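Commentary on secondary and tertiary structure
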Amino acid sequence: FQSKQQNLQKMQKASALELLSKVKDALNKRGATTIRGLGRVFRCIDSFDGNRKCDREEFISGIRDIGVPLTKGEAEVLMGYLDTDGDGHINFDEFLVGVRGKPSERRQAIIDKAFLKFDKDCNGYIDANDIRGTYNAKLHPKVQSGEMTEDQVFMQFLQNFNDKNNDGKVDRKEWNDYYAAVSSSIDNDDHFIQLMRTAWKLDQA
């Protein structure tokens, strides 16, 4: 039974990736490859209530409106894949990560470096209290845009982890997932790397 379930999950993932490729093609044709362009697309999809989240109906309507020829069933498969936190909605961060993919090798290297700075015993997790005095959010995109304060960004940063297993610890996957979302909201590699160095007081080497 477990093997059948795993096979089904693999098929669903493969199908979702194929559908995501269709969405990317449609966005590229519209010239929506930059953050600003993706933001416009997401605002179009989230046009009903403007809460920066799309429910199932909004997503299906929005995907069709931007010219992606998906059936209702295909749109639901894709939504299931993009809804990474399982709340029945897609938020802008999830949409960005889904469309733009995981961080590049260069970005992932600095994400790893920051994690390992605190995971001194290499056990795969860090204590949230250990990072409180070090975190600097000045270059975070939402602080730069005036949308949030530095303290708000840090509290949200902790919430992203503690909401998942509530143990006051951040594991490697949680860390990577969080920074995949941050990375996807920044177009320029050098800007992202500088943000990480500033946030975690990493050396310039």
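Residues numbered from 1 in each chain as written. Predicted model: local features only at pLDDT ≥ 70, side-chain atom pairs only at ≥ 80, totals over all residues. Heavy atoms only, no water.

Attention now goes to the pattern of salt bridges. Two side chains that carry opposite charge are able to pair once their charged atoms sit near each other. Enumeration according to the criterion identifies 7 salt bridges in this entry. D87 is the partner of K53 in a salt bridge, and the nearest nitrogen-oxygen pair spans 2.9 Å. Here K53 is found in strand β1 (residues 53–54), whereas its partner D87 is found in the loop between α4 (72–82) and β2 (90–91), with 34 residues between them in sequence. Judged by its relative accessible area of 30%, K53 is partly exposed. Between D177 and K173 there is a salt bridge, with the nearest N and O atoms lying 2.8 Å from each other. Note that D177 and K173 are positioned in helix α10 (residues 172–184) at a spacing of 4 residues, about one turn of the helix. The partly exposed category is assigned to D177, whose relative accessible area is 27%. One salt-bridge network, held together by shared partners, links R56, E57 and E76. (Salt bridge = Lys/Arg side-chain N within 4 Å of Asp/Glu carboxyl O. Helix = DSSP H or I, 4+ residues; strand = E, 2+ residues; numbered from the N terminus. Buried < 20%, exposed > 50% of the residue type's maximum accessible area, 1.4 Å probe, protein only.)

Right, let's get into the environment of S145. Relative to the assigned elements, S145 resides in the loop between α8 (141–144) and α9 (150–165). A distance of 3.4 Å separates a polar side-chain atom of S145 from the backbone nitrogen of E147. (Polar contact = N/O pair within 3.5 Å; in protein donor to acceptor, adjacent residues only side chain to side chain.)

Turning to the packing of aromatic side chains, a few remarks are in order. Tallied over the entire structure, the rule returns 7 aromatic pairs. Taking 5.6 Å as the distance between ring centres and 70° as the angle between the ring planes, the aromatic pair formed by F115 and W175 counts as edge-to-face. Placement of the pair is F115 in helix α6 (residues 105–118) and W175 in helix α10, with a sequence separation of 60 residues. Note on accessibility: F115 and W175 belong to one class, buried. Relative to F154, the ring of Y135 has its centre 5.1 Å away and its plane inclined at 40°; by these criteria the two rings are tilted. Taken together, the residues span a long stretch of sequence, with Y135 in the loop between α7 (128–132) and α8 and F154 in helix α9 at a distance of 19 residues. Note on F154: relative accessible area 8%, which makes it buried. Every member of this aromatic cluster is reached through a ring pair, and the members are F115, F118, Y135, F154, W175, Y178, Y179 and W200. (Phe/Tyr/Trp six-rings, centres within 6.5 Å; stacked < 30°, edge-to-face > 60°.)

It should be kept in mind that the predicted coordinates are not to be read in detail where pLDDT is low. Here the chain averages 80 in pLDDT, and 85% of its residues register 70 or above. Across the chain, the element-wise mean pLDDT spans from 71 in α9 up to 93 in α6. (pLDDT = per-residue confidence, 0-100.)

Viewed as axis vectors pointing N to C, helix α5 (residues 92–100) and α10 meet at an angle of 80°, and their least axial separation amounts to 8 Å. The orientation of α5 with respect to α10, classified from their angle, is roughly perpendicular. Residue-level contacts link D93, L96, V97 and R100 of α5 to A180, A181 and S184 of α10. Across the contact of α5 with α10, the residue classes tally to 4 nonpolar, 1 polar and 2 charged. (Axes fitted to C-alpha atoms, helices over the stretch in contact; angles between N-to-C directions. Parallel < 35°, antiparallel > 145°, perpendicular 65-115°, else oblique. Contact = heavy atoms within 4.5 Å. Nonpolar A, V, L, I, M, F, W, Y, C, P; charged D, E, K, R; others polar.)

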